[in-house]
Amino acid sequence: MATPRFHRYAIYHLPTGSLGRFGAAWLGWDPVTARYRPNDETCEWTAIPRRYGFHATLKAPFELRESATVDALDAAAEALAQSLAPVHISALEPTWLGRFLALVPSAPSPELCALADQCVTTLDPFRRPTPEKDREKYEARNLSAELQSNLATWGYPYVLDAFRFHLTVTGRVPKAARPAVETALASRLPDMTQGYTLDRISLMGEDADGWFHQINAYSLAACPAGSDK
């Protein structure tokens, strides 16, 4: 498979359908089509997350080991997807996570956490050890012992028990501006009250300018435990 040369790789979930169209228009970047079209009304709030595209992180960006290839990573990600079952989660709700806004499930989902765990652990042999500058960046945040251990083992603090599924909507927003953000979001966000099914994962690549692109997408093919095929 011929691909552009990317600096880092990641496993994301990219919503499709009405939610995917909302995300591309809201952030102003579509990582599937590489279409850049910032929204004048939301541009100030979305500058930081824009280059990633509208996504949920399942395995955070990482550099490839010298012995690894993109084709091998692609094949491993496809095989992983074939072993995973789609996960239906509760309604997605806009929630402030510190200073940024995201869509998060309204109730915990152990199945979703288990899926993310598989992405982190199964594909980790492709990851180059975390660069010193990245370790220093996270260590400056005074991480807990658990998060420090995750960083040392998996290259990212917020994995396994520290994972929280979220679709990032904004960067950091001052409290005074949050009502305007919430109003703008409410007028554009599709109805997410009936729940949401995560049924695909994507291999992403970061280009030299820091923009993420979808390299490949894989449908989740396994049947849930106890179901009939």
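For the structure, see preceding data.
Quick look at the structure, then. (Residues numbered from 1 in each chain as written. Predicted model: local features only at pLDDT ≥ 70, side-chain atom pairs only at ≥ 80, totals over all residues. Heavy atoms only, no water.)

**Quick notes on the environment of Ala25**
(1) Moving on: On the secondary structure map, Ala25 appears in helix α1 (residues 17-27).
(2) Moving on: For Ala25, a relative accessible area of 45% translates into the label partly exposed.
(3) Moving on: Separated by 13 residues in the primary sequence, Ala25 and Pro38 place their C-alpha atoms 7.6 Å from one another. (Helix = DSSP H or I, 4+ residues; strand = E, 2+ residues; numbered from the N terminus. Buried < 20%, exposed > 50% of the residue type's maximum accessible area, 1.4 Å probe, protein only.)

**Description of the nonpolar core**
(1) Moving on: Counting 48 residues, the largest nonpolar core has Tyr9, Leu19, Trp26, Leu92, Phe165 and Ile201 as its most contacted members.
(2) Moving on: Those residues in contact with Trp26 that sit more than four places away from it in its chain are Asn39, Thr42, Trp45, Thr46, Val169, Thr170, Val181, Ala184, Leu185 and Arg188.
(3) Moving on: Of all hydrophobic cores here, the second largest spans 6 residues; its members include Tyr12, Leu14, Tyr52 and Met204. (Core = buried A, V, L, I, M, F, W, Y, C linked by side-chain atoms within 4.5 Å. Contact = heavy atoms within 4.5 Å.)

**Some points on the sheet that holds strand β10 (residues 200-206)**
(1) Moving on: Spatial strand order, β4-β1-β10-β11: 4 strands in an open sheet with antiparallel pairing. Edge positions in the open sheet fall to β4 (56-62) and β11 (212-219), since each of these has one partner strand only. The mean inter-strand angle of the sheet, taken between neighbouring strand axes irrespective of direction, is 20°.
(2) Moving on: Sheet topology note: the strand β1 (residues 8-13)/β4 ladder contains 4 bridges and is antiparallel. Within the sheet, the bridge partner assigned to His13 lies in β4 and is Ala56. (Pairing = 2+ DSSP bridges. Axes fitted to C-alpha atoms, helices over the stretch in contact; angles between N-to-C directions.)

**Some remarks on the layout of surface pockets**
(1) Moving on: Reported here for the largest pocket is a volume of approximately 1400 Å³.
(2) Moving on: Elements supplying a minimum of two residues to the lining of the largest pocket: β1, α2 (43-50), β4, α4 (110-122) and α5 (132-139).
(3) Moving on: Per-element tally for the lining of the largest pocket: the top contributor is β4, with 7 residues.
(4) Moving on: Around the second largest pocket, the lining is made up of 16 residues, and of these Pro15, Gly20, Arg21, Asp30 and Val32 lie nearest the centre.
(5) Moving on: The set of elements that each furnish at least two residues to the lining of the second largest pocket consists of α1 and β2 (29-30). (1 Å grid on protein atoms, 1.4 Å probe; cavity = no way out; pocket = protein on both sides within 12 Å on 5 of 7 lines; lining within 4 Å. Points joined across faces, edges and corners; volume = space filled by probe spheres on them.)

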